[in-house]
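The residues making up each chain are set out below.
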Amino acid sequence: MTNMSIVVTGATGHLGRLTIEALLRRGIPAADIIATGRDIARIKDLADRGISVRRADFSDTDGLAEAFAGADRLLLISASVPVGERVANHRSVIDAAASAGVSLVAYTSTTHADTATTVIGATHGETEKYLRARGIPSVMLRNGWYLENYTSQLPQILQNGAVVGAAGEGRISAASRADYAEAAAVVLTAEGHTGAVYELGGDESFTLTELAAAITDAAGKQVTYSDLPVADFAQVLAAAGLPAELAEVLADADRGMNRGEMYTDSGDLRRLIGRPPVPLAEALAVALR
């Protein structure tokens, strides 16, 4: 690719920033990258490196048109807004991308979005359908669960001696944000991915019982898995300080895990990034340093 501008939405978040770093590593000039977010003060350092920084609020149609002006390819990172607002926000981005003449939209969806029964999965499925209906060339990056969803909780897990969830013995194909970001950078910078649907996840799946055992091995402290009914798990999350709606969404995600909705053995992530994804044991070792 030469002389093509790539927009990364959600650049103020972890996945967006990691994708920008991956684009730079792949040789995309800073001047050809457009980083967008609601609070551009948080990405001023990217502007200092020669990256174009533009404000983009998914609910601001006019602002989106300005943010995407001159763009050729766009990464739509799913919005971190209340579930009820997500699809409308995504549609606004897709409409603005179409108006800007973007030649490719890569969307960070979720595993098995076409059949997912979870609340969050349904928003991804609806977004995928809308993106296809608009007729914009697209790539579906169906990202599985993040390893960081667990490694970030290690202090609390070790303090309590327990992983708490409602996933039963469902298998989870989690991978690191950096690996998902690398996959996004690949499809944004190489040809041959238009129309593809990639089911992305780690090569080594695990249950939450196995996660607890892996933490025990890595930390040298006994950790067990406490499996709860979905409603009870939502109450535990709310009691820990999460907003009630978010607690219910996360508990519902565990219900989906129990149904196998966060499991994939496609190998798509490994093939896209050209190496095995970071395994759970390595992610735990790094987080415990």
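To be clear, the structure that these remarks concern was listed above.
Numbering of residues starts from 1 in each chain and follows the order in which that chain's sequence is written. Residues qualify for local features only when their pLDDT is at least 70, as the model is predicted, and side-chain atom pairs are given and counted only at 80 or more; totals for whole chains, interfaces and linings, by contrast, use all residues. With hydrogens and water set aside, each side-chain value is computed from the structure's full complement of heavy atoms.

Undergrad: I'd love a proper account of the nonpolar core, names of residues and values included.
TA: For soluble globular proteins, the rule of thumb is that nonpolar side chains tend to be buried together. The biggest cluster of nonpolar side chains holds 36 residues, and the ones touching the most others in it are Ile 20, Leu 23, Leu 75, Val 139, Leu 141, Tyr 198 and Leu 200. Each helix corresponds to a stretch of at least 4 residues labelled H or I by DSSP, and each strand to a stretch of at least 2 residues labelled E; elements are numbered beginning at the N terminus. Sorting elements by how many residues they give to this core places helix α8 (residues 177-189) first, with eight residues. Among the nonpolar cores identified, the runner-up in size contains 23 residues, and Leu 158, Ile 172, Val 223 and Leu 284 belong to it. By convention a nonpolar core is built from buried Ala, Val, Leu, Ile, Met, Phe, Trp, Tyr and Cys residues, the set being connected through side-chain atoms within 4.5 Å. Summary of the burial criterion: residues with accessible area below 20% of their type's maximum are buried, those above 50% are exposed, and those between are partly exposed, where the area comes from a 1.4 Å probe applied to protein chains only.

Undergrad: Summarise the packing of helix α10 (residues 230-239) against helix α11 (residues 244-258); cite the residues concerned and give the values.
TA: Between α10 and α11, the least distance of the axes is 8 Å, while the angle of their chain directions is 140 degrees. Relative to α11, the element α10 lies oblique. Judged by the twist between their axes, the crossing of α10 over α11 is right-handed. Within the contact between the two elements, α10 uses Val 230, Phe 233, Ala 234, Leu 237 and Ala 238 and α11 uses Ala 247, Glu 248, Leu 250, Ala 251, Asp 252, Asp 254 and Arg 255. Taken together, the residues of the contact of α10 with α11 break down into eight nonpolar, no polar and four charged. Helix axes use the C-alpha atoms of the stretch in contact, all axes being lines fitted to C-alpha atoms, and the angles between their N-to-C directions lie in the range 0 to 180 degrees. With respect to orientation, any angle under 35 degrees is reported as roughly parallel, any angle over 145 as roughly antiparallel, any angle of 65 to 115 as roughly perpendicular, and every other angle as oblique. Put simply, a crossing is left-handed when the front helix is turned counterclockwise from the back one by less than a right angle, and right-handed when it is turned clockwise. Should any heavy atoms of two residues lie within 4.5 Å, those residues are considered in contact. Residues are grouped as follows: Ala, Val, Leu, Ile, Met, Phe, Trp, Tyr, Cys and Pro are nonpolar; Asp, Glu, Lys and Arg are charged; all remaining types, including Gly, are polar.

Undergrad: Can you break down empty space enclosed by the protein residue by residue, with the values?
TA: Only protein atoms enter the 1 Å grid used here. Points where a 1.4 Å probe fits but cannot escape make up a cavity, open sets with protein on both sides within 12 Å along at least five of seven lines make up a pocket, and a residue lines them when an atom lies within 4 Å of a point. Grid points are joined across faces, edges and corners, and a volume is the space filled by probe spheres set on the points. The final tally for this structure, using the stated rule, is one cavity of 30 Å³ or more. Each pocket or cavity is described by its volume, and for the largest cavity that value is around 60 Å³. Lining the largest cavity, in full, are Thr 110, Thr 111, Ala 116, Thr 118, Ile 120, Ala 253, Gly 256, Met 257, Glu 261 and Met 262. Sort the elements by how many residues they give to the lining of the largest cavity and α11 lands first, with three residues. Of the residues contributing to the lining of the largest cavity, the split by class is five nonpolar, four polar and one charged.

Undergrad: Could you give me a rundown of the packing of aromatic side chains, with the residues and numbers involved?
TA: Pairing of aromatic side chains here covers Phe, Tyr and the six-membered ring of Trp, requires ring centres within 6.5 Å, and sorts the geometry by plane angle: under 30 degrees stacked, over 60 edge-to-face, intermediate tilted. This model, assessed by the stated rule, comprises two aromatic pairs. Look at Tyr 146 and Tyr 180: their rings are 5.6 Å apart centre to centre, the planes differ by 55 degrees, and that puts the pair in the tilted class. Of the two residues, Tyr 146 sits in the loop between β6 (138-143) and α6 (148-151) while Tyr 180 sits in helix α8, which places them 34 residues apart along the sequence. Accessibility expressed as a relative area gives 19% for Tyr 146, which makes it buried. Given the relative accessible area of 1%, Tyr 180 is considered buried. With a centroid separation of 6.1 Å and 70 degrees between ring planes, the pair formed by Tyr 150 and Phe 206 is classed as edge-to-face. Pair noted here: Tyr 150 is in helix α6 and Phe 206 is in the loop between β8 (197-200) and α9 (208-219), with a separation of 56 residues, a long-range link. Exposure remark for Phe 206: the relative accessible area of 3% places this residue in the buried category.

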